[in-house]
Amino acid sequence: MKLKNTNKLALWALALTATLTVAHAATTPVNGNYSTVVGSPLADTLATNSGTGTITVVLGSTLTGNGGTASPLSITLVGYTTNNAGSLTALTGNSSAGVAVSATTAINNQSSGVISSATLQGISVTAGVGSTITNAGSISSGTVQGILLAAGAGSTITNTGTITGVTAGVGASDGLILINSNSITATGGPGVTATTGASITNSGTITASTIGVTATTGASIINSGTITASSSGVQLTSGINGVTTVNNTGTINGTTNGIVFTGGAGSVNSVTNSGTITSSTGNGVIFGAATSNDTLTMTAGTITAATNAVSLGAGDDIFNLKAGTLNGIVDGGAGNDTLNLTGITGDTATINGNVTTFETIT
Ligand SMILES: [Ca+2]
């Protein structure tokens, strides 16, 4: 009885401080599932305590799963902040994400921090609207997404470290805010795939084996870094009357297309470019087939493509050309299209290709 009371006191104290510091810990496997330290018991502890607090995994600590389906760390209650300077790793025997999130939370993966899974996501958010993930270390998956926000709408990812996945670097639901200044890589899919209302700011590198960045209606892409993709660099799919924007001062390299919009009728899509956009087999900037009124503004830089440097597609479109170089065809497509030459003294605009189907040139 005395031992039981002691345990209760310990749990009560934990609930008050809501702080767990996981130091170099037990080597005894727990439930036969964890080769190194506390994994499932940590989650259980959180689940039995209420309130908010901080989970700290200190430098040198490892929470490793190598069996079962429980993640090395599971966040099941709203309001916890995790600071990880150690390692949260699900090995091949552990069918789980490195960190599983089912409630709004904040994860700070520090420069020494490693969050990984061999079989599922590095971090998987299955519930947790408005969660924040800040990464200065390494987050990776050996099979699927480095980070998956399956149901974490409105979540924010700030990456100054590396995020690596196979089916995607980052897969996100609506309202993603992503700020990347280091590296996001996918070896078997898109670098970043998001849905409605994504705001993606890249000053680092996004490298993908298919599309670099893809999103749907309401996307805003600001790139001053490098996006490299084996199909299209950026692919945005607007719904009917949707609005999407791309502002590029960096480099977007796509094999199939540099930037492609596959918008719905009535969508309003725009690109502002002063950087470099290239496509080795297709189009530099192409506003897809649907009737949409699109605007391309070029103030500097280069667009180089195998076929169309610019294809404005159906709809009444505007190309404001102030300066820069276009290598390829410039095509207004169907509709009543306008080419505005907006250069002033000192500007040079060069088009190495045919200019076709513009109804108005000013
Ligand atoms: Ca057109």
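What counts as what
One numbering rule holds for all chains: residues counted from 1, following each sequence as written. Given that the model is predicted, a residue must reach a pLDDT of at least 70 before its local features are reported, and side-chain atom pairs must reach 80 or more before they are shown or counted; all residues, however, enter totals for whole chains, interfaces and linings. Predictor confidence is given residue by residue as pLDDT, running from a minimum of 0 to a maximum of 100. We call two residues in contact when the distance between their C-beta atoms, placed using the backbone, is within 7 Å. For two strands to pair, DSSP has to find at least two bridges joining them. Where helices and strands are cited, they refer to DSSP runs of H or I of at least four residues and of E of at least two residues respectively, numbered from the N terminus. For this entry, the nonpolar core is defined as buried Ala, Val, Leu, Ile, Met, Phe, Trp, Tyr and Cys residues connected by C-beta atoms within 7 Å. Burial is judged by counting the other C-beta atoms within 10 Å of a residue's own C-beta: 20 or more makes it buried, 12 or fewer makes it exposed, and any count in between marks it as partly exposed, with every C-beta position built from the backbone. How far each domain reaches was decided by an automatic or database domain assignment.

A few points about the confidence of the model for the protein
Averaged over every residue, the pLDDT of the protein is 85; residues scoring 70 or more account for 85%. Across residues 1–50, confidence stays below pLDDT 50; counting only partners more than four residues off in sequence or on other chains, it has 80 contacts.

Quick notes on the pairing of strand β27 (residues 251–254)
The pairing of strand β24 (residues 226–229) with β27 spans 4 bridges and is parallel. Considered in β27, the bridge of A229 is made with G254.

Some remarks on the nonpolar core
In this structure, V99, I123, I147, V170, V213 and V310 are the most contacted members of the largest nonpolar core, which totals 72 residues. When residues in this core are grouped by element, the largest group, 4 residues, is from strand β33 (residues 302–311). No fewer than three residues from each of domain 1 (1–210) and domain 2 (225–362) sit in this core.

Details of unusual backbone geometry
Backbone geometry at T357 places phi at a positive 55°, although glycine is not the residue there. Mapping T357 onto the fold places it in the loop between β38 (355–356) and β39 (360–361).

With respect to the environment of Q145
If you trace the backbone, Q145 turns up in strand β13 (residues 145–149). By the C-beta count within 10 Å, which is 32 here, Q145 ends up buried. On a C-alpha basis, the gap between Q145 and L120 in space is 7.5 Å, while along the polypeptide they are 25 residues apart. Look past the residues within four positions of Q145 in its chain and what remains in contact with it is Q121, G165, T167, A168, V170 and G171.

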